[in-house]
Structures are given as C-alpha cells and as structure tokens.
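Survey of secondary and tertiary structure
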Amino acid sequence: PSFRRSLYECLRRRGDALFELTDAILAADSAVPSPAHLSLQAPHRRGWGSLYAALDRGRIDVEVLRDLLIRHPLAGSAATPVYAVDTSVWPRCDAECSPERGFYYHSSRHSAGQPIVAGWAYQFVAQLNFVRESWTAPLDVERILPTQDANEVAAEQVRSFLRRRSSCEEGTATTPLFVFDAGYDPVKVQQGLEGCPCQILVRLRAGRRFYGDPSLCDPPEHIGRPRRHGPKMKCADPSTWPEPSAEHRCEDAGYGSVRVRAWAEMHPKVHNHAGKGTRGPLPIVVGTLVLVEVERLPRGERRREPRVLWLWWHGPEGTVPDLDLLWRSYVRRFDLEHTFRFLKQSMGWTTPRVRHPEQAD
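Every value quoted in this text rests on a predicted model; they were computed, and no experiment measured them.

When its secondary structure is counted, the protein shows nine helices and 14 strands. In terms of overall dimensions, the protein has C-alpha extents of about 80 × 50 × 45 Å along its principal axes. Within the protein, residue pairs in contact and separated by at least 24 positions form 62% of the contacts whose partners lie at least 6 positions apart. When the accessible surface of the protein is summed, it comes to about 20,700 Å², and 50% of that surface belongs to carbon and sulfur atoms. One way to put it: in the protein the 49 positive side-chain charges average out to a point 4 Å from where the 44 negative ones average out.

Have a look at this one:
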C-alpha cells in the first residue's frame with residue numbers, strides 16, 4: 001500500500017487516469033492489441049478517451065519516481081548490489097516521419113536482410129538477484145539520441161544513479177557493481193566513471209590484445225622515448241599469457257567446474273583521439289583482465305560448446321575483485337533480456353504506435 005501511495009504521488013497531471021491505466025496493464029491477461037483495449041479492463045473505470053488524454057497530457061515526476069524505485073531493492077540481492085546496464089530498441093521501421101530515429105541492432109527483426117531496425121533506443125539500469133528466478137528490478141531508463149554516444153550516456157546515467165543512491169539512508173555501505181555487455185567500450189565507460197564509488201564489469205571479444213606494465217620489459221638498447229606499453233598479451237594466444245595475479249575455482253550445478261583467472265595492471269591500446277586539438281599522448285587506462293572457463297553449459301544450452309569468457313573489471317583504488325562474484329554477476333546479467341521480453345510481450349511496452357519520441361518517453 002505504501003508503494004502504491006508513493007507511486008500515485010509521482011503522477012502530477014491526470015494522475016487518476018494514469019494510475020488506473022497502470023492497474024489495467026497489470027490486470028490484463030496477455031498483451032493487448034492496442035491501448036484502447038486496456039479501457040475494457042475492470043480496474044479502468046474511465047472511457048478510452050480519458051486513456052488517450054492521459055497519455056497525451058499526463059505528466060510524471062520522473063526524479064521522484066526514480067527515488068522511489070531505489071528505496072525498494074530486490075529481496076534476493078547479494079551483499080554487494082549488482083546492476084546491469086543494457087539497451088533495448090522500440091522498433092519504428094515504417095514511421096518514416098517520426099523524428100530522432102536511429103539504426104540499431106536487433107536479434108529477431110531484420111531490415112533488407114540485416115539484423116538492423118530503425119527506432120528509438122532506451123538504456124536501462126536494473127538490479128539483479130542471485131536466486132533461482134529471472135526477475136530484475138528496473139530502476140532507471142533513458143532514451144539515447146542517434147547523435148549521442150551510448151558509453152557517455154551510460155556513464156552519466158550511472159553517475160546520477162549513484163548520487164540518488166547515496167542520498168538514501170540504506171544500502172550505501174558497499175561498492176556496487178555495474179555489468180555491461182560487449183556493446184560497450186570498457187575504456188570510455190571507465191573514463192566516464194573515474195572517481196565514482198563503483199565497480200564496472202564489461203564483456204570483451206576474444207580477439208583483443210592487452211599490455212602489461214612497461215617496467216616488466218627489458219630496457220631499450222638505444223636512448224629514446226620511454227616505453228608506454230609492456231609485454232603483449234593476446235587473448236587468442238595462450239602462449240603470451242603471463243602468470244595470473246589471482247585465480248578462483250569452484251563447482252556449480254549448472255556449469256560444472258568453473259575456473260576464473262585474473263591479470264591485474266593490464267591496459268589496452270587506445271587508437272582514437274577524443275577530437276580535434278587533442279593530439280597529445282593517448283591515455284593509458286589500467287584495469288584487471290578476467291578469464292572465465294566452464295566445464296559445460298546449463299541444461300537447455302548443452303548443444304553448444306562452452307566458450308571462454310573475457311571480462312574487464314575496474315574498481316576504486318584499494319578494491320580487490322571478488323572473482324566468484326564477477327563470473328556469477330555476468331551470468332545473471334542475461335536476466336535483463338528476460339525483462340525486456342516481459343516488457344514487450346506481456347506488458348505491451350512497444351505496442352502503441354506513437355509518432356513522437358516524447359510520447360514514447
């Protein structure tokens with residue numbers, strides 16, 4: 001009751017109609033073909049005209065709603081709060097007159113034979129849990145413009161989330177962990193969150209190369225510029241791997257024997273400058289490289305051979321990575337994909353064919 005009362009207070013204009021619309025969405029048995037069908041649900045006591053007027057003229061206090069969601073974390077969350085950051089697309093392929101559309105990857109829909117759709121991209125921050133279920137708690141969402149960089153938007157979104165989280169009375173003693181998929185650049189994300197009290201975990205492709213401390217190399221034969229990169233480590237070539245700085249082994253019911261190795265003080269080569277007039281030395285972004293190897297995949301996925309998983313971790317100074325938490329956190333990141341499917345198929349998130357992105361927001 002207290003949550004519903006606080007939720008109602010977030011609805012600034014047309015609050016009664018919006019609140020009944022929320023109850024109608026929750027009471028619907030399955031995805032409805034259009035928003036007008038929601039007015040036929042029992043909790044919705046108004047006509048369909050009031051429903052569309054609420055969607056058109058209603059106002060929601062977004063900041064108050066975000067604070068409300070932060071105060072209600074998941075019951076099955078770990079001692080260290082783990083959050084997943086990922087993007088989902090609202091396809092609007094045929095809406096050629098709709099503004100601010102972009103082209104994004106889509107796993108199930110294709111355009112001209114390619115897995116690319118035109119639409120609006122929304123970036124979510126959701127809390128994960130470690131119980132045997134696929135529920136997550138979406139805490140924040142923001143639309144990404146086609147002219148924006150998703151890494152920069154994600155960094156700013158996490159920064160604002162941490163500020164709101166620190167203002168709450170509970171849950172601020174531990175350093176939270178934010179998990180990103182392979183579509184994010186670990187260098188840009190780490191640079192954007194420099195100095196923030198958080199940990200980041202980003203998936204990497206298997207063909208990347210990293211470099212160690214330049215002091216580990218032999219001194220050059222001739223006098224010249226000091227080394228900026230140390231011994232090279234190729235993820236695809238085990239012969240170039242040095243001794244790991246930490247290692248963890250465990251047994252899991254779904255994955256069998258799990259081996260996690262970490263190499264600290266590693267950095268990738270940065271090839272692109274930030275923009276014109278910044279032709280100075282490229283930055284050295286230091287972090288921890290993590291390799292996860294499992295014996296088998298869980299039931300239902302055992303037809304595929306398990307592949308190695310490369311991750312990039314960075315945390316505040318003095319923080320030691322918990323390797324058992326890292327690999328389990330990334331496995332739980334896939335629960336966010338189930339959340340996207342639930343929002344679209346069961347809750348009808350992308351069912352309305354709105355024309356303007358402000359209506360979608």
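Following the structure, the description resumes.
Below, the discussion takes up the packing of aromatic side chains. Under the defined criterion, the tally for this structure stands at 18 aromatic pairs. Relative to F178, the ring of F161 lies with its centre 5.9 Å away and its plane at 90°, an arrangement referred to as edge-to-face. Placement of F161 in helix α5 (residues 150–167) and of F178 in strand β7 (residues 177–180) is noted, with a sequence separation of 17 residues between them. Of the two residues, F161 and F178, neither departs from the other in class, the shared state being buried.

Together, R13, R14, R57 and R59 give the surface a local cluster of positive charge. Assignment of secondary structure puts R13 in strand β1 (residues 11–13).

Time to look at the pattern of salt bridges. By the definition in use, this model includes 22 salt bridges. The partner of D140 in a salt bridge is R164, and the shortest N-O contact between them spans 3.4 Å. Here R164 lies in helix α5 and D140 lies in strand β6 (residues 137–144), a separation of 24 residues in the sequence. Judged by its relative accessible area of 5%, D140 falls in the buried class. On the basis of relative accessibility, which here comes to 8%, the residue R164 falls in the buried class. Overlapping salt bridges, with partners in common, bring together D16, E20, R45 and R46 in one network.

Attention shifts here to the nonpolar core. Membership of the largest hydrophobic core comes to 34 residues, with the highest contact counts inside it found for L201, V258, V290 and V292. The set of elements that each furnish at least two residues to this core consists of β3 (82–91), β5 (116–127), β7, β12 (256–266), β13 (287–294), β14 (309–314), α7 (323–332) and α8 (335–346). No other element matches the five residues that α7 contributes to this core.

All right, on to the environment of D140 then. Sequence spacing of D140 and V125 is 15 residues, and the spatial spacing of their C-alpha atoms is 5.1 Å. Those residues in contact with D140 that sit more than four places away from it in its chain are R66, Q123, F124, V125, Q157 and R164.

Our focus in this paragraph is unusual backbone geometry. For R14, which is not glycine, the phi torsion reads 55° and is therefore positive. Structurally, R14 can be placed in the loop between β1 and α2 (15–27). At E100, a residue that is not glycine, the phi angle is positive and equals roughly 60°. Residue placement: E100 occurs in the loop between β3 and β4 (102–105).

Our next topic: the pairing of β4. Sheet faces and side chains relate simply in a regular strand, where the side chains alternate between the two faces. Burial of β4 is one-sided: the residues G102 and Y104 facing one way are buried, the residues F103 and Y105 facing the other way are not. In this structure, β4 lies alongside β5, joined through four bridges in antiparallel fashion. Opposite G102, over in β5, you have G119 as the bridge partner.

For the rest of this paragraph, the subject is the packing of helix α4 (residues 62–70) against α5. As a packed pair, α4 and α5 sit with axes 10 Å apart at the nearest point and diverge in direction by 65°. Helix-helix and strand crossings are classified by hand; for α4 and α5 the assignment is right-handed. Across from E63, R66, D67 and I70 in α4, the residues of α5 making contact are F161, R164 and R165. Broken down by class, the residue content of the contact of α4 with α5 amounts to two nonpolar, no polar and five charged.

Where α2 meets helix α3 (residues 48–57), the closest approach of the two axes is 9 Å, and the angle between their N-to-C directions is 110°. As the angle between them shows, α2 and α3 are arranged roughly perpendicular. Between α2 and α3, the contacting residues are A17, L18 and L21 on the first element and S50, L51, A54 and L55 on the second. Taken together, the residues of the contact of α2 with α3 sort by class into six nonpolar, one polar and no charged.

Let's shift gears to the environment of W312. Among the structural elements, W312 can be located in strand β14. Along the backbone, W312 and D56 are 256 residues apart, and their C-alpha atoms lie at a distance of 43 Å. In this structure the side chain of W312 is engaged in a polar contact, spanning 2.9 Å, whose partner is the side chain of Q190.

Looking now at a nonpolar patch on the surface. On the surface, W48, Y52 and L55 cluster together into a nonpolar patch covering about 340 Å² of accessible area. A relative accessible area of 42% places L55 in the partly exposed class.

This paragraph deals with the side chain of D86. Examined against the element boundaries, D86 turns out to sit in strand β3. Of the polar contacts made by the side chain of D86, one reaches the side chain of R333; its length is 3.0 Å. Residues within four places of D86 in sequence aside, it is in contact with Y122, Q123, F124, Y184, R333, L336, E337 and F340.

The rules behind each value
Residues numbered from 1 in each chain as written. Predicted model: local features only at pLDDT ≥ 70, side-chain atom pairs only at ≥ 80, totals over all residues. Heavy atoms only, no water. Helix = DSSP H or I, 4+ residues; strand = E, 2+ residues; numbered from the N terminus. Contact = heavy atoms within 4.5 Å. Areas by Shrake-Rupley, 256 points an atom, 1.4 Å probe, with all protein chains shown as cover. Lys, Arg positive; Asp, Glu negative; His and termini not counted. Charge placed at Lys NZ, Arg CZ, Asp CG, Glu CD. Phe/Tyr/Trp six-rings, centres within 6.5 Å; stacked < 30°, edge-to-face > 60°. Buried < 20%, exposed > 50% of the residue type's maximum accessible area, 1.4 Å probe, protein only. Patch = residues over 30% accessible without salt bridge, like charges linked within 9 Å, V, L, I, M, F, W, Y side chains within 5 Å. Salt bridge = Lys/Arg side-chain N within 4 Å of Asp/Glu carboxyl O. Core = buried A, V, L, I, M, F, W, Y, C linked by side-chain atoms within 4.5 Å. Pairing = 2+ DSSP bridges. Axes fitted to C-alpha atoms, helices over the stretch in contact; angles between N-to-C directions. Left-handed = near helix turned anticlockwise from the far one by under 90°. Nonpolar A, V, L, I, M, F, W, Y, C, P; charged D, E, K, R; others polar. Parallel < 35°, antiparallel > 145°, perpendicular 65-115°, else oblique. Polar contact = N/O pair within 3.5 Å; in protein donor to acceptor, adjacent residues only side chain to side chain.

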